[in-house]
Amino acid sequence: QVQLVESGGGLVQAGRSLRLSCAASGSTISINAMGWYRQAPGKQRELVALIISGGSTNYADSVKGRFTISRDNAKNTVYLQMNSLKPEDTAEYYCYARGRFYEFWGQGTQVTVSS
């Protein structure tokens, strides 16, 4: 199995930055993509950013130019650098990993952006 542990969430003022981390352990050789989803109260879960094994990335239009996803293969860790945060970025952020047959989810970390 794969375990995902997030860290770095918190409460920040609009315009500030946060850096989320997600450390993967277990059968990490099966992972072909990792990323971040978020879910705000009353809304459905949405993809924020994704990085695949080849190194290409995808971003939600709402965060493009402000967020950057990266990985450290030696540490099996993926990061989400979030700059110029807005109140609408407030959500529970979930680390995500995809294998050939399974999906894995972290427990979530709360990001709250105040006006």
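Here is what the cut-offs are and how they apply
Residues numbered from 1 in each chain as written. Predicted model: local features only at pLDDT ≥ 70, side-chain atom pairs only at ≥ 80, totals over all residues. Heavy atoms only, no water. Pairing = 2+ DSSP bridges. Helix = DSSP H or I, 4+ residues; strand = E, 2+ residues; numbered from the N terminus. Axes fitted to C-alpha atoms, helices over the stretch in contact; angles between N-to-C directions. Disulfide = S-S within 2.5 Å. Buried < 20%, exposed > 50% of the residue type's maximum accessible area, 1.4 Å probe, protein only. Polar contact = N/O pair within 3.5 Å; in protein donor to acceptor, adjacent residues only side chain to side chain.

## What about the sheet that holds strand E8 (residues 77-82)?
Think of a sheet as strands paired side by side through backbone hydrogen bonds, with each pair either parallel or antiparallel.
Right, so step 1: An order of E1-E3-E8-E7 is seen for the 4 strands of this open sheet, with the pairing classed as antiparallel. This sheet does not close on itself; its edge strands, each paired only once, are strand E1 (2-7) and strand E7 (67-72). Looking at each pair of strands side by side, their axes are set apart by 15° on average, direction ignored.

## Quick look at the state of the cysteines
Right, so step 1: Evaluation of the coordinates by the stated rule reveals 1 disulfide.
Right, so step 2: Disulfide pairing places cysteine 22 opposite cysteine 95 at an S-S distance of 2.0 Å. The sign of the S-S torsion, about -90°, decides the handedness of the disulfide formed by cysteine 22 and cysteine 95: left-handed. Taken together, the positions of cysteine 22 in strand E3 (residues 18-26) and cysteine 95 in strand E9 (residues 91-98) put the pair 73 residues apart, joining distant regions of the chain.
Right, so step 3: Overall, the relative accessible area of 0% leaves cysteine 22 in the buried class.

## Quick look at the environment of arginine 66
Right, so step 1: Locating arginine 66 in the fold gives a position in the loop between strand E6 (57-59) and E7.
Right, so step 2: Residue arginine 66 is classed as buried on the basis of its relative accessible area of 11%.
Right, so step 3: Separated by 17 residues in the primary sequence, arginine 66 and asparagine 83 place their C-alpha atoms 5.2 Å from one another.
Right, so step 4: Here the side chain of arginine 66 touches serine 62 through a polar contact of 2.9 Å, landing on its backbone oxygen.
Right, so step 5: Polar contacts involving the side chain of arginine 66 include one to the main-chain carbonyl oxygen of serine 84, which spans 3.0 Å.

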